[in-house]
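What the coordinates show
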Amino acid sequence: MILLPQKLYLEENSLWAVINTADVCLKGRIEIQESVQWETLFKTNVFGTLKAARTFYPLLVSQKGRFINFGTSNGHPRRQGMTAFDSARHAVVGASSSLREDLKDLGVHIIVINTNHIQPEHMFEPVRSSGKANEQTLNEMFMKSTLPEYAIHTLLDALLEPNPKPVYAFEKPSMFNCNNFSKKILKPERYVGYENI
């Protein structure tokens, strides 16, 4: 479930946010990977990001909306066989920084969420369902199985904060204990003018 401003439904040809999931993770040590795998990583992750930004930014301008990419930070844990993927992910961060400068005069927010300890190959694997499932239950399954609660709160902050930061991170809060995360209850007025979709 995502909360969006009610006024968005009254305006055509506009978007509040785009979450760019143009991402593929191909693992393999550099000496055994084929060049075509590197090309696939960069075509999908980096060129896909630029193409998505070019396609959607005109729809984000009227709402002063946000374009959200998944990135990586220098503190991201390094693993063997991820050199090409990490290179592409750093390129997405660099592209986001440049896009932020290009689009700031139009009021479009370019946001990077660093995934940190959440492994990308789990984040972007397709959702599989056994039995009957509708779109809502598939989304719930994905969120519960892929993103811990603190990451979901981070994603919602990036989507809904009035003045979003340029970079967020999926980080366990300092009071994280036994896989339970309690975030302070938001005052009801924060949701005035918002609808559930």
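Here we summarise the structure given alongside this text. Computed from a predicted structure; not experimentally measured.

Conventions and cut-offs
Residues numbered from 1 in each chain as written. Predicted model: local features only at pLDDT ≥ 70, side-chain atom pairs only at ≥ 80, totals over all residues. Heavy atoms only, no water. Helix = DSSP H or I, 4+ residues; strand = E, 2+ residues; numbered from the N terminus. Buried < 20%, exposed > 50% of the residue type's maximum accessible area, 1.4 Å probe, protein only. Contact = heavy atoms within 4.5 Å. Areas by Shrake-Rupley, 256 points an atom, 1.4 Å probe, with all protein chains shown as cover. Phe/Tyr/Trp six-rings, centres within 6.5 Å; stacked < 30°, edge-to-face > 60°.

Our next topic: the overall build of the protein. Looking only at helices and strands, the protein has five helices and six strands in total. Put simply, the protein runs from its N terminus to its C terminus through helices and strands in the order β-β-α-β-α-β-α-α-α-β-β. Residue burial in the protein is summarised as follows: out of 197 residues, 36% are buried. Restricting to contacts in the protein with at least 6 residues of sequence separation, those with at least 24 account for 73%. On the protein, roughly 12,300 Å² of surface is accessible, and the fraction owed to carbon and sulfur atoms is 54%.

Here we come to the packing of aromatic side chains. The final tally for this structure, using the stated rule, is one aromatic pair. A centroid spacing of 6.4 Å and a plane angle of 45° characterise the contact between F70 and F170, whose relative ring orientation is tilted. Of the two residues, F70 is situated in strand 3 (residues 66–71) and F170 in the loop between strand 5 (167–169) and strand 6 (194–196); the sequence distance between them amounts to 100 residues. What makes F70 buried here is its relative accessible area of 7%.

Distances and angles like these do not, on their own, reveal function.
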